[in-house]
Structure formats: structure tokens, C-alpha cells
Amino acid sequence: MIDGGRRPRIVVVGAGFAGYHAIRRLVRLARGRAEIVVVNPNDYFLYLPLLPEVAAGITDPRRVAVPLATLRGVRLILGTVDHVELDARRLLVTDVEGRESWLDYDRLVLAPGSVNKLLPVPGVSEYAHGFRSIAEALYLRDHLTRQLELADVSNDLDERRARCTFVVVGAGYTGTEVAAQGQLFTHQIATHRSGLRHQPIRWMLAEVAERVLPELDPRLSQIADHVLRARGVDVRTGTSVAEATAEGVRLSDGEFVPTRTLVWCVGVRPDPLIGGLGLPTEKGRLIVNEFLRVESRPEIFACGDAAAVPDLTRPGELTPMTAQHAQRQGRRAAENVAASFGNGTLHAYEHHDLGFTVDLGGFAAAANPIGVPLSGVPAKTITRGYHLATIPSNRLRLATDWLLDSVLRRQVVELGLVRSGSVPLDSSRLNRMTR
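Scoring rules and cut-offs
- Residues numbered from 1 in each chain as written.
- Predicted model: local features only at pLDDT ≥ 70, side-chain atom pairs only at ≥ 80, totals over all residues.
- Heavy atoms only, no water.
- Helix = DSSP H or I, 4+ residues; strand = E, 2+ residues; numbered from the N terminus.
- Rg over C-alpha atoms; globule rule 2.2 N^0.38 Å.
- Buried < 20%, exposed > 50% of the residue type's maximum accessible area, 1.4 Å probe, protein only.
- Areas by Shrake-Rupley, 256 points an atom, 1.4 Å probe, with all protein chains shown as cover.
- Salt bridge = Lys/Arg side-chain N within 4 Å of Asp/Glu carboxyl O.
- Axes fitted to C-alpha atoms, helices over the stretch in contact; angles between N-to-C directions.
- Parallel < 35°, antiparallel > 145°, perpendicular 65-115°, else oblique.
- Left-handed = near helix turned anticlockwise from the far one by under 90°.
- Contact = heavy atoms within 4.5 Å.
- Nonpolar A, V, L, I, M, F, W, Y, C, P; charged D, E, K, R; others polar.
- Pairing = 2+ DSSP bridges.
- Right-handed = clockwise from strand over helix to strand, strands pointing away.
- Core = buried A, V, L, I, M, F, W, Y, C linked by side-chain atoms within 4.5 Å.
- Patch = residues over 30% accessible without salt bridge, like charges linked within 9 Å, V, L, I, M, F, W, Y side chains within 5 Å.
- Polar contact = N/O pair within 3.5 Å; in protein donor to acceptor, adjacent residues only side chain to side chain.

In this section: the overall build of the protein chain. Looking only at helices and strands, the protein chain features ten helices and 25 strands. Taking 2.2 N^0.38 as the reference for a compact globule, 435 residues should give roughly 22 Å; the C-alpha atoms of the protein chain span a radius of gyration of 22 Å, in line with that estimate. Dimensions of the protein chain along its principal axes, counting C-alpha atoms only, are 75 × 45 × 40 Å. Burial statistics for the protein chain: of 435 residues in total, 53% are counted as buried. Surface accessibility of the protein chain: about 18800 Å² in total, with carbon and sulfur atoms responsible for 52%.

This part takes up the pattern of salt bridges. This model, assessed by the stated rule, comprises 28 salt bridges. R62 is the partner of D60 in a salt bridge, and the nearest nitrogen-oxygen pair spans 3.1 Å. A residue is classified by how much of its surface remains accessible, and D60, at 23% relative accessible area, is partly exposed. Where R260 meets E247, a salt bridge forms, and the shortest distance between an N and an O atom there is 3.5 Å.

Right, let's talk about the packing of helix 4 (residues 134–153) against helix 6 (residues 173–191) for a bit. Two elements in contact, helix 4 and helix 6, have axes whose closest approach is 10 Å; the angle formed by their N-to-C orientations is 40°. Judged by the inter-axis angle, helix 4 sits oblique to helix 6. Both helix 4 and helix 6 take part in a crossing whose hand is right-handed. Contact with helix 4, carried on its side by L140, R141, L144, T145 and L148, involves V178, F185, T186, I189 and A190 of helix 6 and no other residues of that element. Split by residue class, the contact of helix 4 with helix 6 holds seven nonpolar, two polar and one charged.

Overall, mixed pairing links the three strands, which are arranged 18-19-22 in an open sheet. Unpaired on one side and paired on the other, strand 18 (281–282) and strand 22 (307–308) mark the two borders of the sheet. In this structure, strand 18 lies alongside strand 19 (residues 285–287), joined through two bridges in antiparallel fashion. The residue bridging T281 from the neighbouring strand is L286, located in strand 19.

Let us now look at the pairing of strand 11 (residues 202–207). Strand 11 sits mainly inside the fold: five of its six residues count as buried. In this sheet, strand 11 lies alongside strand 10 (residues 165–169) in parallel orientation, the contact comprising five bridges. By the bridge assignment, F166 is partnered in strand 11 with W203. Each parallel crossover has a hand, and the one from strand 10 via helix 6 to strand 11 is right-handed.

On to the sheet that holds strand 10. Pairing within the open sheet is parallel, and its four strands lie in the order 12-11-10-16. Every interior strand has two partners, whereas the edge strands, strand 12 (234–237) and strand 16 (261–264), have only one. Pairwise comparison of adjacent strand axes, ignoring direction, gives a mean angle of 15° for this sheet. Sheet strands touched by helix 4: strand 10, strand 11 and strand 16. Its angle to strand 16, the strand with the most contacts, is close to 160°.

One recurring pattern in soluble globular proteins is that nonpolar side chains are buried together. Formed by 108 residues in total, the largest nonpolar core has its most connected members in V11, V84, L91, L108, L110 and F131. If we ignore the near neighbours within four places in the chain, the residues touching V11 are V37, V39, L91, L103, D104, Y105, R107, L108 and V109. Membership of the second largest hydrophobic core comes to 14 residues, among which are V167, V169, A244 and W264.

Residue R31 is not a glycine yet carries a positive backbone phi of 50°. Assignment of secondary structure puts R31 in the loop between helix 1 (17–30) and strand 2 (35–40). If you check the backbone angles, K283 has positive phi at about 55° while not being a glycine. Positionally, K283 belongs in the loop between strand 18 and strand 19. Judged by its relative accessible area of 74%, K283 is exposed.

What follows is about the environment of N116. Its place among the elements puts N116 in strand 9 (residues 114–116). With 154 residues separating them along the chain, N116 and P270 place their C-alpha atoms 8.8 Å apart.

On to a nonpolar patch on the surface. Side chains of L403, L404, V407 and L408 sit close together on the surface and give an oily, nonpolar patch of about 390 Å² of accessible area. Secondary-structure assignment places L403 in helix 10 (residues 395–407).

In this section: the environment of S420. Considering the arrangement of structural elements, one finds S420 in the segment after helix 10. Those residues in contact with S420 that sit more than four places away from it in its chain are H129 and Y139. Looking at S420, its side chain comes within polar contact range of the side chain of H129, at 3.2 Å.

Here you go:
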């Protein structure tokens, strides 16, 4: 309690992996003794790792959306933070209907996450689409279906070839899983359309690094690369896109690939809110100490993709921008916020990676739990077990979706729920509402 008995106000900006888990822990620690306010553009926590399954029609989009309303005792403001007045300890919030208001805080937890990383490539912002929201996943599912349906009825061989060619740029987690799940999805569509049974369906995965999944153990990269190539995916390492047009993409090696589909998965950068704070940053991430606290502003904590957190397991380096770290940083930030009010003591953030999983669709996956490289059914079992253990809710519904997909033919329909103009490829803060 502070200020003559007034409950302190803790504001959490963002409800991604870091923000959501910070909120959950704060609710348990505060027990009504503090007001917890969350500012987020959506009323749910998005479980990003399963978006490729949403795009492939395996998982219902509601399964990856965990309602924030389940967090009792939390005040949710649907909106974004546009400005922070550090000395006054207040935020300028714009809600989803464009109305602005000021919000005071006693403690601030910054977990706004990240946005698409755009490169100065001509035509990309006009003709490519990202993959970081439910809307983008639903759009891609409809788009893939539509391209094959249009190819099926076209008598123009060049048009058919272009509509049946799909290009993914960026072979990190997201790009690799999108290409893997998308290839199986389009193959299933084509086998049930008589006009496409003899039409080659081409998927290309372009990565500027020398291998897919460059941030992971080379053994996992080799497993993923082998699975993709065995399915006919054209994996182009050391290659990127030099130009995008309405008719296709020109690769960095000069080759022009006719296509109507360009999925942009080149990575992310910290939310631009961080750059406007006027506080020290590193690679766009807000510098914090091992307690996830800003040295010059002890009332401010930061975690997740937007925070430059020192990696105590690798001195001199920062923790990578992964969900594994964000989730644990969120919980530790909450504990240290409570400690700043005298409830407990400050603890440094330290976490050793427990391994990684990559779902490659069907019975294929790559995983290295506690450093042991696995592939095939064992890796698939580990991968799905990890998701069931990590997602905060919807576990039974999610498992049911997986079971039904394994025994029933997947329903393929174009619902038309999301149009192209509703999911622009943009990394500006003005479009964070669509994430």
C-alpha cells in the first residue's frame, strides 16, 4: 500500500508471452492489494506457435486465442500506448475506437513484443503478407485455397503455374513451419480437384542464411531441410527477394519466379514504442538489468522481445527473442514488481534453454529436448506435448482438433473472412491493432 492507503497501480503494456505470464503472476501475488491494468489491442493472448496450423486448417483459430477475461481482477484497456511521460509516470493510450486518454502508473511493465521486420525491398509492402496474427493466418488459408481454385479453372498455362507457386521468405521458425504445413495443405487441395491432379504445386522457401533454421542446432536444421526437400519444397539458402511485383518475385540471384503468393517471415524487431521512450536501447530493445528493471527508472520493468535482458548463462550476450524466454521473463518481472513493494526480494533472471521444437506437418517434426536431437514421430510427440503443456487453456479442444485431423479429411473452403487490404504488411505502430 502507498500514498495513505491507496492501492498502487501496476500497468502492463502488452499481453503476449511475456505480458500474459506477468499478468497471471501479478494477480496471484497482489491478491487484490494492487490495481492491475493491462493495455493490449486484443482481448486475448495469442499462442503464436500454432498459427501455421490455423493457416493449414488443422486448428480452429479460437484454440490459439486465450481470453484475457479469464484473468480475474484485471482491468483491460483495449488499445495501444502511443507515448510515455516518464517523469509524470503516465501513458497516453489510444483505444480501439481512436479515443485518447492518459493513464497513471506506479509501476510499469513493458512487454509490447515485436513487429514485422521490413527490409527496403521494392514491392514487398505492396505484394507480400506477414504472418503474426489470426487475421493473417485466416487470410493465408483462404488465399491458398483461392489460388488453387482459380488455377483449376484457368486455361492459361502460365497463369496456372503462377497460381500454383508459393514463395515464403525467411526460414526461421515461422517461415519453415508455414512452408511445411502449407505444402501439405495445398497438396491435399490439389488431389481432390480433377483439374489439378497433374499440375505441379511448387513451394519455395528462401533464406538469406546458409541453412534453414539458422538460429537452431545444425542437427535440427538438417532434419527440417531433409523433410522439406523430400516433399519437393524448393529450399533456397543464401537467397532472398530483390523485388516483388504483381506477377511474381525476383530473387537476389536474378531469377524471376512467377507467383501470386509471397509470405514474409524474415523476422521481427522490437515494438517501435521502445524507441520513443528516450531510454538506452540495444538493437532496438530496452536495456534492463538482470532484475528486468531499467536502471535509471526503477519503477519500470521490461521483458520479452522488447527488452535487452542480459543472459547470465552466456556472459556478455542478450537472451534471444523466443517465447521460452519471454514466458519466464514475464513471471520473473511480476515477482520483482511485487518485491519492489516489499513483497519478497528481487531475483535475477537466469534460464538455460531446454531445447526447441519445430512442427513440420503430418508425422514430421524436429526437436531437441535437453539437447537430444529427435525427428519423426518421437519429435512430433514431444512437440505436441510441449504445446499442450505450454498453452494456458483450450487443451482439450486443441487435442480434439489434432485427433479429428488425423482421422478425417480436412475441410477445405474459402470463407472470405479476411480480405487482402485488412492485413497489410506493415511494421508501424499504427497497425499494431491488427496483430
